[in-house]
Structures are given as structure tokens and as C-alpha cells.
Amino acid sequence: MPEKVLVTSAWPYINVTPHLGNLVGSALSADVTARYYRLKGDDVLFVSGSDEHGTPIEVEALKCGITPKELTQRNHAKVLELFKQWNISYDNYTCTESSVHKEFVQKTLLEIQKNGYIFEQDTQMLYCEHDQRFLPDRFVEGKCPHCNAEKARGDQCDMCGKLLELTSIVEPYCIICKNKPTVKTTKHWYIDLTKLSEPLSEYIKNNQQLPSNVKNFSLNWIKEGLKPRAVTRDIDWGITAPFKGAEEKTIYVWIDAVLGYISAAIEQAQQTTQPEKWTDFWLNKNAKTLYFVGKDNIPFHTIILPALLIASGQNYNLPWNVLATEFLQFHGQKASKSQRVGIWIDEAIEMFPVDYWRFYLIANRPESKDTNFTWNTFTEKINADLNDTFGNFIHRTLSFINNKFENTIPTPTKLDADDQTILDTVKTKVQQTAKEIETGNLQAAANTLISISRIGNQYLNIKEPWNIMKTDKEKAGTIFYVATQIVKAATVVSAPFIPQTAQQIWQTLQLPQNINTWNDATTPIEAGHKITKPTPLFHKIETDETKLDEQLAEIRSKLGTLQK
């Protein structure tokens, strides 16, 4: 029976365009996985959305001299279009300004309060006398009290990953006027995570799917002692808090955003003829729920989200797996627009076709440690793997059939032992790729894909059918019959990674309009089937790093990327 699989990716802050590091750990990894499960025949729902609330948005809007709503509407439309250009196959990419989302968040928080997990209390908060406002999280920077890193934000330190309390920041300053804030008393509402320590610990310990890095990080968090976490904020932009007496407060953005995984499913179902179908993914205990995030988002998906789900009392499915990547650095540095370090997703597709980037990013996905983008590693991966191995095998095979067999898959004579061994090996590689995707080892899966075409190239080089053709056309035809089956397998396996290219090959093979199932990979193309004339799939790209930097600079000038 088909499984119910909910695939999600972290909701990007929509204050800026995502860069390649943002994309690979969330939307792109999730898309590869969603596409695979659809081919496998499972019932897949793939959702995410733009995180339009919170202090990062308000800070950026202040810098731009526009309202947060103007900023988010503009950027949401832009990022939605960019995700389409990257072929991210969301079933619903929504936003936190959605009315469905707002209503769901408010309803859920009232349920959590009714169940005794939310309380109110006076608290000390930082206040800017110059700007006459309280300073929540991103409005404050200073030194991290744990690792002493500079420019630690008021909510989290990017260097050590710890969540921070505003009043714990060392040498804090207001990011608007740079003045030192004072401390004032205000009332806020909190979720009592201390009450949820035991069920959260049991959930994490008993979850056999969680990768070791995610599980260990989360258990250490709990071991250090969970504390009540603020649910409300003193800012105007966001979802109005539903609690009595909190009408002038808004909901803390990470409480807001993580509940979006449910509201996005509800919203998508409401747009169909099955408005309750969302329950197949959220209440059906046999469903798989997969979350693709960066390592800095681990606690929000293994601690905060499960805490909210448990506290709501609605028996929602807890995350089945949280797949967190390390960071993608650029020439050894963290991405930074101000420092002009990194490549943004709008820039990338102006330079090279999207499938070049999709393949490179997944084949170099930072799964166990931070990885480093350089032009050298990029060009080597594209030229050696995509062009010289994958593209070369498919083009040489189909071109030979086009030229020597009148566009017709030749009829094989009896397959010899080598032929059958090759087909069995390819079948094993197809199964290996499936297992690697299902276990979240996408980097290995991308490289296994290339190994299928490498096997095909080696097979042709050993058999030398172009020489055999001179004396035994039938025997040469058998070799190309086998090679065609490898082409088909490689095409199907490539579909989650490089969907445009896979579709191009599929059309050349003149097979049904779309690649429908994963099993197509090992279902033979019949002899006598007609194909069309192939065209090259890829081209070799420039390897001179100076020229590539100049090309990127020209694109940035055209797009105005770093001025936004």
C-alpha cells in the first residue's frame, strides 16, 4: 500500500532572497525527496512557506523605509517565482500572513493555554530610550554569554547555536541607533517547557529515524534543562496574541512559523475537494513526516515544535525524521551580503542552467560537516560528472542508435553473461539510490546516480560495439539494446535530482509524457521502439575562477542583488 509522506522544508525568512546554503539544506533537499517518494507511488504532500513575521522582517523594512507588509508581499512573490524556476515542486508554498495560518496559530495557542502549558508573568526586557520601544531579539546585538562571539543576536548565537535570552547578552546595543538599552518591566506569555521535558526526552530517545547529530544535539539541550520560553513579543508586526490581556502583543515568530507545517497542509486540503485530507498526514499514525532544515534550526523542530504539538492535546504526529545539514560556506567564509560573500539563488540561475546547480549542491550536500563552495569544485563536478560521464554516456548511446539503427532500439540476440551482469549491477544501483534517499543520504544518492552512467560508459568501452558493427551488426545491436536499458535507468534515477534534464532524455526516448514510477528504471524498453535524434544535455563550463568571478559581478550589477 502507498505510504502517506509529508515532506517539509524550513520556512525562509523573507527579509532577503535565500542563498545557495539556505536552499540546499531545506527546499532543494526536500524537493529531491518529495520527487522520489512520488515516483515510488506514495501519497506525498510537500509544503512550506515564507516566514513573513518577526523582527528580521521589521528590521529589514526599517532599513528599506517601507512597511513590513510591503516588504513581505514583494519578497514572497519573488521567492515563490524563484522556487518555481529552481523546479521546487511544492504542493503548497504559502506564507505566515495567510488567514488559515493565523487562525490555526491562535486556536492552537488557546488550546495549549487551556491545557495548562502557557502562563503569564512580568519580565525584564531591554528598552531603547532613544527609539522609545522595547527591543525584542533581532533588535539587539552584543556578545554571546556562552562563546563570547561578537554580534550575537538577541534570540540566538550563530557561532555556537545556542538560543539566548535578551538580558543575557553581554554589552548589548540597539541595532537601530547603536545606543545601550535600559531594562524595563513588561508582561509576556510563556510556554512552560519544563513540564514537557520528560515527554520530549522520551520522544527523541525512542525515535529511531533521527540522525545521530540531531538526536545528540537535542538530548543535550534537554539535559541542560529546558526553561519556559516566551510566546509573545513587543512588536507590531505579526499574529496578534489570542490571550486575554495580550491584545497589544504578537506571537513570537518561531512559535508562529513551526505551526505553519500544519496550517499549510490544512490550507492545501481546503483548496481541493477533500478538505479533511490533511488529517491523513497529521493524525494518521502510519504517516511519515520529514523535515529538512539547517543545523541552526534543529531545536525548533525537535524541541519547540514537538512541545507545541504535545501541549495542544490534539494527538498530532510528532516529527518522524528531522534531517539537518551543516553549513555551506563560500571560499571558507559564511555567506554575507554586506561582505559580498556567497551566491544567491537568483544570481546562480543567471549564470548556469538550474540542473547544474541542483546536481552540484546535492552531490556536495553538507551532511556530516560544513562544506566549502569554490569555483574549482563546482566546475569539476559539472564538467567531470554531469558532462563527461552522465551526459556523454547518454548522448553517445542514443546518437549511435540514431545514426546506425535508424532511430530504433535494436533487437537483441541472446544476452551473454557480461550483459546480464551489467543489467543486474545497474538494478542494484537503482535500489541503492532509493535506500540512500530514504535514509537522507542524498549526497551519496547523487553520486550513485553518476555511477550508473559510469557503468554504462565502461560497458561500451570494453565491448567496443563500433568495431563489432563492422562485422556483426546484430551483436553490436545487442550491446546498444543493453546500453539503452542503462540509459533508461539513469534517466529515471536522475529525475529527482535534475528533473529538466531527465524530462529531456525521456522525450528523446519517446516514452510516455512523464516519468511516472521509480519502477520504470528497471522496466526494459522494448526492441523496435523508436527514439528521436538526441541533443547534447550539458556543455563544459569555464574553469577560470577570475572569469567566473567577473561573470558573477556582472550579474550582480544587473540584478542589483547586494543593494536590496
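Everything below is about the structure printed above this text.
Here we summarise the structure given alongside this text.

Quick notes on the rules
- Position labels on residues start from 1 in each chain and follow its written sequence.
- Residues qualify for local features only when their pLDDT is at least 70, as the model is predicted, and side-chain atom pairs are given and counted only at 80 or more; totals for whole chains, interfaces and linings, by contrast, use all residues.
- Hydrogen atoms and water are omitted, and side-chain values are computed over all heavy atoms in the structure.
- Each helix corresponds to a stretch of at least 4 residues labelled H or I by DSSP, and each strand to a stretch of at least 2 residues labelled E; elements are numbered beginning at the N terminus.
- Definition of a polar contact: a pair of N or O atoms within 3.5 Å, with one able to donate and the other able to accept a hydrogen when the atoms are protein atoms, and with sequence-neighbouring residues admitted only if both atoms are side-chain atoms.
- A 1.4 Å probe rolled over the protein chains alone gives each residue an accessible area, and that area as a share of the maximum for its type sets the label: buried under 20%, exposed over 50%, partly exposed in between.
- Residue contacts follow a heavy-atom distance rule, with two residues in contact if any of their heavy atoms lie within 4.5 Å.
- Paired strands, in this sense, are two strands between which DSSP finds at least two bridges.
- A crossover counts as right-handed when, viewed with the strands pointing away from the observer, the path leading from the first strand over the helix to the second turns clockwise.
- Excluding any residue in a salt bridge, patches collect residues exceeding 30% relative accessible area, merging like charges within 9 Å and nonpolar Val, Leu, Ile, Met, Phe, Trp and Tyr side chains within 5 Å.
- To measure how exposed things are, a 1.4 Å probe is used in the Shrake-Rupley method; for residues, cover is taken only from the protein chains shown.
- Between Lys or Arg on one side and Asp or Glu on the other, a salt bridge is scored when a side-chain nitrogen of the former is within 4 Å of a carboxyl oxygen of the latter.
- Asp and Glu count as negative and Lys and Arg as positive, but His and the ends of the chain are not part of the count.
- Charge positions come from single atoms, namely NZ of Lys, CZ of Arg, CG of Asp or CD of Glu.
- Pairs were defined over the aromatic rings of Phe, Tyr and Trp, the Trp ring being its six-membered one, requiring ring centres within 6.5 Å. Orientation was assigned from the angle between planes: stacked under 30 degrees, edge-to-face over 60, tilted for the rest.
- Whether a charge lies above a ring is judged from NZ of Lys or CZ of Arg, which has to be within 6 Å of the ring centre and within 35 degrees of the ring normal.
- We define the nonpolar core as a collection of buried residues of types Ala, Val, Leu, Ile, Met, Phe, Trp, Tyr and Cys that are connected through side-chain atoms lying within 4.5 Å of one another.

The subject of this paragraph is the side chain of arginine 229. By secondary structure assignment, the location of arginine 229 is in strand S10 (residues 229-230). Looking at arginine 229, its side chain comes within polar contact range of the side chain of glutamate 165, at 3.4 Å.

For lysine 381, the position within the fold is in helix H13 (residues 375-404). Residue lysine 381 is classed as buried on the basis of its relative accessible area of 17%. Beyond its immediate sequence surroundings of up to four residues, lysine 381 is in contact with Phe359, Tyr360, Ala363, Asn364, Leu386 and Asn447.

Turning our attention to the sheet that holds strand S5 (residues 133-134). Here four strands make up an open sheet; going across it, the order is S5-S4-S9-S10 and the pairing antiparallel. Each having just a single partner strand, S5 and S10 make up the two edges of the open sheet. Where strand S4 (residues 118-128) lies against strand S9 (residues 182-191), 10 bridges are found, and the strand directions are antiparallel. Counterpart to isoleucine 118 in the pairing with S9 is isoleucine 191.

Turning next to the pairing of strand S2 (residues 43-50). For a regular strand, side chains alternate in direction, first toward one face of the sheet and then toward the other. Buried residues dominate S2, accounting for eight of its eight residues. Neither face of S2 is left uncovered, since the one carrying Asp43, Leu45, Val47 and Gly49 and the one carrying Val44, Phe46, Ser48 and Ser50 both have all their residues buried. Strand direction decides the pairing type here: strand S1 (residues 4-9) and S2, joined by five bridges, are parallel. Bridge pairing in S2 places lysine 4 opposite aspartate 43. What joins S1 to S2 is helix H1 (residues 20-40), and the crossover it makes is right-handed. Sheet analysis places S2 next to strand S3 (residues 92-95), joined by four bridges and oriented parallel. Each residue of the ladder has a partner; that of serine 48, found in S3, is tyrosine 93.

Below, the discussion takes up a negative patch on the surface. On the surface, a cluster of negative charge is contributed by Glu542, Asp544, Glu545, Asp549, Glu550 and Glu554. Residue position: glutamate 550 is located in helix H19 (residues 545-559).

Here we come to the sheet that holds strand S7 (residues 152-153). Within the open sheet, the three strands sit side by side as S7-S6-S8. Their pairing is antiparallel. The sheet is open, and its two edges are formed by S7 and strand S8 (170-174), each paired on a single side. In the sheet, strand S6 (residues 140-143) pairs with S7 via two bridges, with the strands oriented antiparallel. Bridging from a neighbouring strand, glutamate 141 pairs with arginine 153 of S7.

Tallying each qualifying case throughout the model produces 32 aromatic pairs. Between tyrosine 36 and tyrosine 37, the ring centres sit 5.2 Å apart and the planes meet at 65 degrees, which makes this aromatic pair edge-to-face. Three or more aromatic residues link up through ring pairs in this structure, and these residues are Phe330, Phe352, Tyr356, Trp357, Tyr360, Phe373, Trp375, Phe378, Phe390 and Phe538. Note that lysine 184 overlies the ring of tyrosine 127, its terminal NZ or CZ placed 4.1 Å from the centroid. It is lysine 473 that lies over the ring of phenylalanine 405; its NZ or CZ is 5.4 Å from the centre.

Of all hydrophobic cores here, the largest spans 108 residues; its most connected members are Leu20, Trp86, Trp357, Trp375, Phe378 and Phe390. For this core, the leading source of residues is helix H17 (residues 473-494), giving 12 residues. Setting aside residues up to four positions removed in sequence, tryptophan 375 forms contacts with His331, Ile343, Met351, Phe352, Trp357, Glu545, Leu548, Asp549 and Leu552. Formed by 60 residues, the second largest nonpolar core is a distinct cluster that contains Ala10, Val100, Ala265 and Phe300.

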